[in-house]
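Take a look at the letters that make up each chain.
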Amino acid sequence: VQLQAFGGGLVQAGGSLRLSCAASGGFFSSYAMGWFRQAPGKEREFVAAISWSGSSSYYTDSVKGRFTISRDNAENTVYLQMNSLQPEDTAVYYCAAVRSRPRLNLMGEVDYIYWGQGTLVTVSS
């Protein structure tokens, strides 16, 4: 499975961006998907994840109520709608995929097998 993330850019605080992650080379609807981010000088951290069907989603506390993860299995794409962006959201955002199975920890990196190349989001104050 190949993942390509795009949609990053420069935005002012309070603004919005929508990230997309296009998947190819696999049966997309069988994969759970996640978004992670890495800020300068920091460890990569979990942002959001969505189950293969889209029926379940998960968020880190700092983005709850501001970010929304969604997917379109017909388009092999997962999205991250980011609203009310703050300077602390500045990071390289990565999408990741793992074939669905029981007892996955979608909020941790370890279970994810495939990773995109990252897209930079910069939020100015």
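The text that follows walks through the structure, step by step, so that each part is easy to find. (Residues numbered from 1 in each chain as written. Predicted model: local features only at pLDDT ≥ 70, side-chain atom pairs only at ≥ 80, totals over all residues. Heavy atoms only, no water.)

### Remarks on the side chain of Ser20
Applicable threshold: Where helices and strands are cited, they refer to DSSP runs of H or I of at least four residues and of E of at least two residues respectively, numbered from the N terminus. We call two residues contacting when some pair of their heavy atoms lies within 4.5 Å.
Along the chain, Ser20 falls in strand E3 (residues 17–24). In this structure, Ser20 is in contact with Gln4, Ala5, Phe6, Trp35, Thr77, Val78 and Tyr79, ignoring residues within four places of it in sequence.

### A few points about the state of the cysteines
For clarity, the cut-off: Two cysteine sulfur atoms form a disulfide, by the criterion used here, when they sit within 2.5 Å. Partly exposed describes any residue whose relative accessible area lies between the buried limit of under 20% and the exposed limit of over 50%, with all areas from a 1.4 Å probe on protein chains only and scaled to the type maximum.
Overall, the coordinates contain one disulfide when judged by the stated rule. Paired through a disulfide, Cys21 and Cys95 show a sulfur-sulfur distance of 2.1 Å. Between Cys21 and Cys95 the sulfur-sulfur dihedral comes to about 65 degrees; the bridge is accordingly right-handed. Within this pair, whereas Cys21 is found in strand E3, its partner Cys95 is found in strand E9 (residues 91–99), the two being separated by 74 residues in sequence. Residue Cys21 shares its accessibility class with Cys95, and that shared class is buried.

### Points about the environment of Met107
Within the secondary structure, Met107 sits in the loop between E9 and strand E10 (114–115). Met107 sits 73 residues away from Gly34 along the chain, and the two C-alpha atoms are 7.9 Å apart. If we ignore the near neighbours within four places in the chain, the residues touching Met107 are Phe36, Phe46, Tyr58 and Tyr59.

Scope: geometric values only; no functional claims are made or implied.
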